[in-house]
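Per-entry structural report
Below, each chain spelled out in residue letters.
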Amino acid sequence: MFDAALKDAQSRVQATLDHCMSGLEGTVADAMRYTCQGGKRLRAFLVIESARLHDVEPSQADRAAAAIEAIHAYSLVHDDLPSMDDDDLRRGKPTVHVKWDEATAVLTGDALQTLAFEVLADPATSPNPEVRLALISSLAKASGAEGMVLGQALDIAAETAANPLTLDEITRLQAGKTGALIEWSAMAGGRLASADTGPLQAYSKALGLAFQIADDILDVEGDEGLAGKKLQKDADAGKATFVSLLGLDGAKGRAQDLVSEAEDALSCYGNAAENLRAAARFVISRKA
Ligand code: GRG
């Protein structure tokens with residue numbers, strides 16, 4: 001059931017992204033389309049499933065899902081730049097600055113970011129302007145200087161810090177870098193329905209942290225072929241991670257506890273939230 005739902009989310013968000021970029025021409029547009037291929041589409045899945053829980057019109061959920069995947073794709077293109085993580089491979093393909101050049105990669109990330117807000121601002125995302133505004137302002141906050149950008153800045157600063165980060169500092173860094181977009185995704189369905197987003201927020205806070213711990217575990221134990229990116233980077237750079245701070249078994253135990261916490265947060269939805277619970281289990285068992 002979860003596999004089918006994830007596949008469905010993947011094809012729906014791809015179709016929506018293709019539609020939203022269909023009128024664009026030129027090199028940056030080509031690089032945007034290239035960047036928006038592949039990936040697990042976990043964030044799109046969270047939007048679509050949280051929207052389904054609240055009986056939101058599927059076409060509206062698909063647009064919010066496309067918006068978050070566009071922001072996520074922008075962050076990956078910029079993160080891969082030589083001035084940041086300097087990666088050659090992403091989703092099993094050459095990164096944008098390798099396939100094109102750095103200027104194209106910067107512009108592609110910029111254009112994907114603005115596309116996300118354009119998609120949310122369109123009445124096709126919600127006929128209610130208050131809902132559109134709530135989606136736009138919460139996404140700006142989640143991706144900006146209090147959210148993902150803050151997390152990325154803390155991560156870059158950690159590379160030259162005199163001492164390795166503590167567990168609290170790593171947790172704060174990751175809550176921004178990875179957690180903020182995951183939280184936005186899982187809360188989007190509630191926002192689209194103008195419903196209480198409390199349970200989805202509790203679920204997604206635990207899920208986001210479990211996702212990042214699993215990413216640190218994959219960095220140590222994963223297979224580069226399956227992951228589609230270079231691994232062991234954190235260890236090579238001598239960076240503190242959940243694995244270096246908790247040990248491999250400690251990190252696995254903490255991730256498992258967070259999955260249970262995420263599952264429990266959805267008790268008010270009963271069986272209807274089974275796909276979201278399965279997503280929490282998937283996050284720590286994934287190989288990519
Ligand atoms: C450049 C402002 C700015 C932020 C970059 C997302 C990010 C912040 C950096 C990516 C580096 C990284 C490996 C982060 C750890 C977790 C993460 C976000 C992994 C990639 O997300 P997945 O696994 O990727 O959902 P797919 O390809 O499946 O979409």
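In case you missed it, the structure is sitting above this.
The following paragraphs examine the structure supplied in this document.

1. So, the overall build of the chain
The helix and strand inventory of the chain stands at 15 helices and two strands. Since a compact globule built from 288 residues should have a radius of gyration of about 19 Å, the 18 Å found for the chain is in line with a globular shape. For the chain, the spread of C-alpha atoms along the principal axes amounts to about 50 × 50 × 30 Å. A buried classification covers 51% of the 288 residues belonging to the chain. Long-range contacts, defined here as pairs at least 24 residues apart, represent 71% of the contacts in the chain between residues at least 6 apart. Accessible surface computed for the chain: about 12,600 Å², of which carbon and sulfur atoms make up 53%. Taking the average place of the 28 positive charges on the side chains of the chain and the average place of its 43 negative ones, the gap between the two points comes to 2 Å.

2. Overview of a negative patch on the surface
On the surface, Asp86, Asp88, Asp101 and Glu102 cluster together into a patch of negative charge. Along the polypeptide, Asp88 turns up in the loop between α4 (58–79) and β1 (89–90).

3. Some thoughts on the site of the ligand
In the vicinity of the ligand, 20 residues are found, and the nearest of them are Lys40, Arg43, His72, Asp79 and Arg91. Here an oxygen atom of the ligand and a side-chain polar atom of Arg43 are 2.7 Å apart. In the environment of the ligand, an oxygen atom lies 2.8 Å from a nitrogen or oxygen atom belonging to the side chain of His72. Protein chains shield 92% of the accessible area of the ligand, which is 700 Å² for the free molecule. Of all the secondary-structure elements, those providing two or more residues to the shell around the ligand are α4, α8 (148–159), α9 (167–192) and α10 (198–221).

4. Some thoughts on the nonpolar core
Counting 79 residues, the largest nonpolar core has Phe45, Leu46, Leu139, Trp184 and Tyr203 as its most contacted members. Beyond its immediate stretch of four places on either side in the chain, Trp184 contacts Val47, Ala64, Ile68, Leu120, Leu135, Ser138, Leu139, Ala142 and Arg191. Counting residues in each nonpolar core, the second largest holds six residues, with Ala31, Val77, Leu81 and Val96 among its members.

How each quantity is defined
Residues numbered from 1 in each chain as written. Predicted model: local features only at pLDDT ≥ 70, side-chain atom pairs only at ≥ 80, totals over all residues. Heavy atoms only, no water. Helix = DSSP H or I, 4+ residues; strand = E, 2+ residues; numbered from the N terminus. Rg over C-alpha atoms; globule rule 2.2 N^0.38 Å. Buried < 20%, exposed > 50% of the residue type's maximum accessible area, 1.4 Å probe, protein only. Contact = heavy atoms within 4.5 Å. Areas by Shrake-Rupley, 256 points an atom, 1.4 Å probe, with all protein chains shown as cover. Lys, Arg positive; Asp, Glu negative; His and termini not counted. Charge placed at Lys NZ, Arg CZ, Asp CG, Glu CD. Patch = residues over 30% accessible without salt bridge, like charges linked within 9 Å, V, L, I, M, F, W, Y side chains within 5 Å. Salt bridge = Lys/Arg side-chain N within 4 Å of Asp/Glu carboxyl O. Near = heavy atom within 4 Å. Polar contact = N/O pair within 3.5 Å; in protein donor to acceptor, adjacent residues only side chain to side chain. Core = buried A, V, L, I, M, F, W, Y, C linked by side-chain atoms within 4.5 Å.

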